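As a plain string of letters, each chain reads:
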Amino acid sequence: MDSREKALDRLRRVPETVRPGLAYVADQFRPGDAEGVATLFYRVYGERYPIGLYYDPDGIRQAVARGGLHPVLARLPGGEIVGFTALYASSPPFAGLLEFGLGMVHPAYRGSFVMFHLFESLMERLESLP
């Protein structure tokens, strides 16, 4: 079984714990959020997201640690991740070039202001990057 299939197998068994209508906070990524980010990708895309990295919590943490991914997310009081977006390195020949993308919101929070708040937080994050 390859690493993508192992990650998907694990995510298939993660119970849904997100409850709609709770307050959330737009915040910077913490290493402990990686599991919730992988779960969010699974909740939003199922098994169809073409880049396996985002189903792998260790891979997400590594991408952030090496500076190739600069995420912000929306976190519920229980720690569940209900929104995600990021600046990411999109062109290996141009290491300083970052692209805005990967924006998603958990189905239970669509129609809310989650993405608006994530965009604001990401713009603040952009100001602090070298």
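What counts and how
- Residues numbered from 1 in each chain as written.
- Predicted model: local features only at pLDDT ≥ 70, side-chain atom pairs only at ≥ 80, totals over all residues.
- Heavy atoms only, no water.
- Helix = DSSP H or I, 4+ residues; strand = E, 2+ residues; numbered from the N terminus.
- Buried < 20%, exposed > 50% of the residue type's maximum accessible area, 1.4 Å probe, protein only.
- Areas by Shrake-Rupley, 256 points an atom, 1.4 Å probe, with all protein chains shown as cover.
- Lys, Arg positive; Asp, Glu negative; His and termini not counted.
- Charge placed at Lys NZ, Arg CZ, Asp CG, Glu CD.
- Polar contact = N/O pair within 3.5 Å; in protein donor to acceptor, adjacent residues only side chain to side chain.
- Contact = heavy atoms within 4.5 Å.
- Phe/Tyr/Trp six-rings, centres within 6.5 Å; stacked < 30°, edge-to-face > 60°.
- Axes fitted to C-alpha atoms, helices over the stretch in contact; angles between N-to-C directions.
- Parallel < 35°, antiparallel > 145°, perpendicular 65-115°, else oblique.
- Nonpolar A, V, L, I, M, F, W, Y, C, P; charged D, E, K, R; others polar.
- Pairing = 2+ DSSP bridges.
- Arc of directions from axis to C-beta.

Chemist: Break down the overall build of the protein for me, with residues and values.
Modeler: A tally of helices and strands in the protein yields four helices and four strands. Taken from the N to the C terminus, the helices and strands of the protein come in the order α-β-α-α-β-β-β-α. A burial count over the protein gives 39% of its 130 residues as buried. For the protein, the accessible surface area stands at approximately 7,200 Å², while carbon and sulfur atoms represent 57% of it. Positive and negative charge centroids in the protein, built from 14 and 15 side chains respectively, lie 4 Å apart.

Chemist: Describe the side chain of T85, naming the residues involved and giving the relevant values.
Modeler: Mapped onto the elements of the fold, T85 is located in strand β3 (residues 81-89). From its side chain, T85 meets the backbone oxygen of G101 in a polar contact 3.0 Å long. Beyond its immediate chain neighbours, meaning those up to four positions away, T85 contacts H70, P71, V72, F100, G101, L102, G103, M115, L118 and L122.

Chemist: How would you sum up the packing of aromatic side chains? Please name residues and give values.
Modeler: Under the definition given, this model contains eight aromatic pairs. For the ring pair F100 and F119, a centre distance of 5.6 Å and an interplane angle of 90° mean the geometry is edge-to-face. One end of the pair, F100, is in strand β4 (residues 98-105); the other, F119, is in helix α4 (residues 114-128), and 19 residues separate them in sequence. F119 gets classed as partly exposed once you look at its relative accessible area, which sits at 40%. Taken together, the ring pairs connect F41, Y45, Y49, Y54 and F84 into an aromatic cluster.

Chemist: Outline the packing of helix α1 (residues 3-12) against helix α2 (residues 34-45), supporting the account with residue identities and numerical values.
Modeler: Across the interface, α1 lies against α2 with an axial gap of 10 Å and an inter-helix angle of 85°. Considered as vectors, α1 and α2 are oriented roughly perpendicular to each other. Contacts between α1 and α2 pair L8, R10, L11 and R12 from the former with E35, A38, T39 and Y42 from the latter. Here the contact of α1 with α2 is composed, by residue class, of four nonpolar, one polar and three charged.

Chemist: So what's going on with the sheet that holds β3? Which residues, and what values?
Modeler: The strand order across the open sheet built from four strands is β1-β2-β3-β4, with neighbouring strands paired in antiparallel fashion. Each of the sheet's edge strands pairs with one partner strand only, and the pair in question is β1 (25-28) and β4. Geometrically, the sheet is characterised by an average inter-axis angle of 15° between neighbouring strands, direction not taken into account. Taken strand by strand, α2 contacts β2 (69-75), β3 and β4, and its axis lies near 100° from that of β3.

Chemist: Run through α1, naming residues and quoting values.
Modeler: Every buried residue of α1 is accounted for by A7, L8 and L11. Projected down its long axis, α1 shows its buried positions confined to an angular sector of 100°, all on one face.

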